[in-house]
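A structural walkthrough
What follows is the residue order along each chain.
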Amino acid sequence: MIALGLEGSANKLGVGLILHPPKGGPAQILANIRHTFISPPGEGFLPKDTAKHHRAWVVRLVKQAMKEANVSVDDVNCICYTKGPGMGAPLQSVAVAARMLSLLWGKELVGVNHCVGHIEMGREITGAQNPVVLYVSGGNTQVIAYASQRYRIFGEALDIAVGNCLDRFARTLNISNDPAPGYNIEQMAKKGKNLLDLPYAVKGMDCSFSGILATVDSLAAKLEQDTTGCRDETTGEIITHEDLCFSLQETVFAMLVEITERAMAHVGSSQVLIVGGVGCNERLQEMMGMMASARGGSVFATDERFCIDNGIMIAHAGLLAYRTGFTTSLEESTCTQRFRTDEVLVKWRD
Amino acid sequence: MSASVFSPPHLPPPFVNTVPPPTLISQGAEALLYRTHFLQSTHPCALKYRPSKPYRHPTLDARLTKHRILSEARTMVRMRKEGLKVPGVLGVDCEPAHGDNARKGGGGWMMMEWVEGQTAKDLLVAVKETRKSCGREEVLREQVRNLMHRIGTILCKMHEIGVIHGDLTTSNLMIRHGAQQPHGITDGHAEGHGRANNTSGIETEPILREALVNGEVVLIDFGLATSSIQDEDKAVDLYVLERAFGSTHPEAEDEFNEVLKAYGESSRGARVVLKRLEDVRLRGRKKSMIG
Ligand SMILES: Nc1ncnc2c1ncn2[C@@H]1O[C@H](COP(=O)(O)OP(=O)(O)OP(=O)(O)O)[C@@H](O)[C@H]1O
Ligand SMILES: [Mg+2]
């Protein structure tokens, strides 16, 4: 069976085509393409502009994906789209495209939870069976484990998402949003070496980032004002923007690894899967790897093609649901900004 | 992506010379918990060792380890002074960077009184197993509610003295055996993991009943504790427990309400905290989630 997947919950528009072989076996990726709306440095992406971007590109991307995959309309079994969570206007523009294709081609629609899309794609690509999942992106920070047909949220950020914290700090420093603010912070952090004291805010399996962001923002402001340079208290070296990026990453990633480890201890699992855009960060993957190996376990992560929002994960999770008989009628084919991971009945797992 | 075999880190001195060597009971997130003895071999105690965490920056690691050992010990001493049930603290070493410890890879430890019993988590898991087979679901549910009630009352007392636990889960609530408890049967530690759920539902029922109805609730794991009298902090503390409970024991979510009910009835300020909890929940659900 073949599914088309459309994703557009944030500034990435993704279109993917996936094939599940009739006799089982690994899924085949027929096409997975993406076009990103990039805002100027110092600015975030606004819903209105992002929606416009998605509307302008969606037809082109679908055509290109069909061509790359070398499939015809007849081969496609269903059309999967992101129902939520995400930004309202971009979600809607993609939902409209999905409905249009469904009517035009006479195919069933499948509304997909974005977070479940990430998890299922991560499991499929890495082969992780029943891992604790750390889902970290611009809008989400969740520690998830599967139990009786639901992905249950054990821990999450109580205020802003970790990716949002990184993105906003990139804006403070006027770092480019191309290819992604988090990526550019990672590159700068590699050159930092002085660890500055930032708040560390973990509450059980939950955590919060707004206090850290406020502190690192004010440190940045202090560097800006002080032309003679601020010096590190212990090393006496001049503090750089690179040090700020380094300190921010070291602190927030330590928190993420800690809450993940706490969830692993709590559910008794030694596998961990990292999904979502922040999951591309090599330092986070490295830290998680050290934690997992100290527990006698292992870490699974994917690269940018699957970590960053994409259409193939929507196609994959949608097709899993479709095969259990799930479809979304035209009347129900709405989208929603808030759609919790644990709301989805995961019928395709035992 | 290669899996490695788990080998616990070496214990710091003086425990390298303990005879018999401490037995590893559990590997939590931050700590390894051992059963050993204090002064006399007949006096069991728990050793909580926090090894240094190689994944985090050494400066951050040393800061966190020290901070947590100290706040855990201080909070426990304070709780005990106020008459709340926690294991008694027997000793601590929180200076990982000093002396022999540094050579052993850092970390620090706390020694405390041994609690003979099991975690609320293990107990609830045993209840779930038994529920299926015993045919007396409602009775068991009522007994679970009884336990939840006691937990709610204790949490309220803890908050009243200004302690925020910071990591409330059912793993961090222990149920101590009553005096009349047949020894070793529901003890998850002593007999490996041979517990109540090995036997049939009918046989285990009286044992479960004893723990659920008469077991003494002992709070543990105060490494993330802070002190605060803010309603917001108390509400978040309860929210953390509510979520951990819901994801770990989805079958007993109804019974959990008894925790909040008892909490609300236990002090005058508690109602305001519960009101605040509603806000915290809403915030959790309403916060924007962009992919
Ligand atoms: N005093 C004690 N007596 C008996 N058993 C104990 C005692 N303290 C802890 N335990 C057991 O050990 C487990 C782990 O202890 P604890 O919760 O203190 O550590 P942890 O979860 O690893 O710590 P942290 O969350 O700070 O990383 C408990 O869930 C409980 O089963
Ligand atoms: Mg614990």
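Note that this is a predicted model, so its numbers are computed, not measured.

Thoughts on the packing of aromatic side chains
Residue and element names in this part refer to chain A. Going through the model one piece at a time under the given rule, you end up with two aromatic pairs over all chains. Taken together, a centroid distance of 5.5 Å and an interplanar angle of 65° make the contact between Tyr 146 and Tyr 151 edge-to-face. Here Tyr 146 matches Tyr 151 in class, with each residue buried. Of note, Arg 60 hangs over the ring of Trp 57, and the distance from its end group to the ring centre comes to 4.1 Å. Above the plane of the ring of Tyr 146 lies Arg 349, whose end atom (NZ or CZ) is 4.0 Å from the centre.

Side note on the nonpolar core
One broad rule of soluble globular proteins: the nonpolar side chains tend to lie buried together. Counting 60 residues, the largest nonpolar core has Phe 169, Phe 209, Leu 256, Leu 284 and Met 288 of chain A as its most contacted members. It is helix H7 (residues 241-267) of chain A that provides the largest number of residues to this core, a total of 13 residues. The contacts of Met 288 of chain A, once residues within four sequence positions are left out, are Leu 134, Leu 256, Val 257, Thr 260, Val 272, Ile 274 and Val 299 of chain A. Core analysis: the next-biggest nonpolar cluster, separate from the first, contains 57 residues, Val 127, Leu 238, Val 240 and Leu 260 of chain B among them.

Quick notes on the sheet that holds strand S5 (residues 108-113) of chain B
Residue and element names in this part refer to chain B. Strand order in the open sheet formed by five strands is S1-S2-S3-S5-S4, and the pairing between neighbours is antiparallel. Across the chains shown, the open sheet's two edge strands, defined by having one partner strand only, are strand S1 (23-27) and strand S4 (89-93). Taking each pair of neighbouring strands and ignoring which way they run, the sheet shows an average axis angle of 25°. Sheet analysis places S4 next to S5, joined by four bridges and oriented antiparallel. Each bridged residue has a counterpart across the sheet, and for Val 89 the counterpart in S5 is Met 112.

Focus on the sheet that holds strand S8 (residues 150-156) of chain A
All names here are of chain A. Here we have five strands laid out as an open sheet, ordered S8-S7-S6-S11-S12, and mixed in their pairing. Only two strands of the sheet have a single neighbouring strand rather than two, namely S8 and strand S12 (298-301). Averaged over all pairs of adjacent strands, the angle between strand axes in this sheet comes to 25°, irrespective of strand direction. Where strand S11 (residues 271-275) lies against S12, four bridges are found, and the strand directions are parallel. Pairing of Val 272 across the sheet is with Val 299, part of S12. Sheet strands touched by H7: strand S6 (132-136), strand S7 (141-147), S8 and S11. Its angle to S6, the strand with the most contacts, is close to 155°.

Description of the domain arrangement of chain A
Residue and element names in this part refer to chain A. For chain A, the assigned domains are domain 1 (2-120 + 307-343) and domain 2 (130-304). Between domain 1 and domain 2, the C-alpha centre-to-centre distance is 28 Å. Contacts between the two partners involve 20 residues from domain 1, matched on the other side by 26 residues from domain 2. Taken together, both faces of the contact between domain 1 and domain 2 bury some 1,900 Å²; the carbon and sulfur share is 55%. Looking at the side of domain 1 facing domain 2, the largest losses of area belong to Ile 119, Cys 307 and Asp 342, adding up to 33% of the total buried there. Here domain 1 and domain 2 share two salt bridges between them. Between Glu 156 and Arg 340 there is a salt bridge, and its shortest N-O distance comes to 3.4 Å. For the pair domain 1 and domain 2, the interface holds 12 residue pairs in polar contact (both at pLDDT 80 or more). Among the elements that line the side of domain 1 that touches domain 2, the one with the most residues is helix H3 (residues 114-126), at six residues. In terms of residue class, the side of domain 1 that touches domain 2 is built from eight nonpolar, six polar and six charged.

Digging into the site of ligand 1
Residues and elements named next belong to chain B. Within the structure, ligand 1 sits among 23 residues, and Glu 30, Lys 48, Glu 113, Val 115 and Asp 221 are positioned closest to it. Interatomic distance of 3.4 Å between a backbone N/O atom of Ala 31 and an oxygen atom of ligand 1. A distance of 2.9 Å separates an oxygen atom of ligand 1 from a polar side-chain atom of Asn 172. With the chains in place, 94% of the 620 Å² that ligand 1 exposes on its own is no longer accessible. Secondary structure elements with two or more residues in the shell around ligand 1: strand S3 (40-50) and S5.

So, the coordination of the magnesium ion (ligand 2)
Ideal values differ by geometry: the angle at a metal is 109.5 degrees with four tetrahedral donors, but 90 or 180 degrees with six octahedral donors. At the metal site, the magnesium ion (ligand 2) is ligated by Asn 172 of chain B (OD1) and Asp 221 of chain B (OD), and these contacts range over 2.1 to 2.2 Å. Residue Asn 172 of chain B is located in the loop between strand S7 (163-164) and strand S8 (173-176), and its partner Asp 221 of chain B is located in the loop between strand S9 (216-219) and strand S10 (226-227); the two are separated by 49 residues in the primary sequence.

Digging into the confidence of the model for chain B
Residues and elements named next belong to chain B. Scored by pLDDT, chain B has a mean of 85; 83% of the residues are at 70 or more. Within chain B, the lowest mean pLDDT, 51, falls on helix H2 (residues 99-103), and the highest, 98, falls on S7. Low pLDDT, under 50, characterises residues 181-199; the stretch is placed with 32 contacts to residues that sit more than four places away or in other chains. Overall fold confidence (pTM) sits at 0.88, and the ipTM for the predicted complex is 0.89.

Structural notes on the UniProt feature "binding site: substrate" (unreviewed entry) in chain A
All names here are of chain A. If you check UniProt for "binding site: substrate" (unreviewed entry), the listed places come out as Tyr 135, Val 136, Ser 137, Gly 138, Gly 139, Asp 167, Gly 182, Glu 186 and Asn 281 in our numbering. Within the secondary structure, Tyr 135 is located in strand S6. When its relative accessible area of 0% is taken as the criterion, Tyr 135 is described as buried. A polar contact of 3.3 Å, which involves the side chain of Tyr 135, links it to the side chain of Asn 140. Those residues in contact with Glu 186 that sit more than four places away from it in its chain are Gln 249, Asn 281, Glu 282 and Arg 283.

Procedures and definitions
- Residues numbered from 1 in each chain as written.
- Chains lettered and ligands numbered in written order.
- Predicted model: local features only at pLDDT ≥ 70, side-chain atom pairs only at ≥ 80, totals over all residues.
- Heavy atoms only, no water.
- Phe/Tyr/Trp six-rings, centres within 6.5 Å; stacked < 30°, edge-to-face > 60°.
- Buried < 20%, exposed > 50% of the residue type's maximum accessible area, 1.4 Å probe, protein only.
- Lys NZ or Arg CZ within 6 Å of the ring centre and 35° of its normal.
- Core = buried A, V, L, I, M, F, W, Y, C linked by side-chain atoms within 4.5 Å.
- Helix = DSSP H or I, 4+ residues; strand = E, 2+ residues; numbered from the N terminus.
- Contact = heavy atoms within 4.5 Å.
- Pairing = 2+ DSSP bridges.
- Axes fitted to C-alpha atoms, helices over the stretch in contact; angles between N-to-C directions.
- Domains from an automatic or database assignment.
- Buried area = accessible area lost by both parts, 1.4 Å probe.
- Salt bridge = Lys/Arg side-chain N within 4 Å of Asp/Glu carboxyl O.
- Polar contact = N/O pair within 3.5 Å; in protein donor to acceptor, adjacent residues only side chain to side chain.
- Nonpolar A, V, L, I, M, F, W, Y, C, P; charged D, E, K, R; others polar.
- Near = heavy atom within 4 Å.
- Areas by Shrake-Rupley, 256 points an atom, 1.4 Å probe, with all protein chains shown as cover.
- Donors = N, O, S within 2.8 Å, 3.2 Å for Na, K, Ca; no water.
- pLDDT = per-residue confidence, 0-100.
- UniProt positions renumbered as here; feature names shortened; annotations may be inferred.

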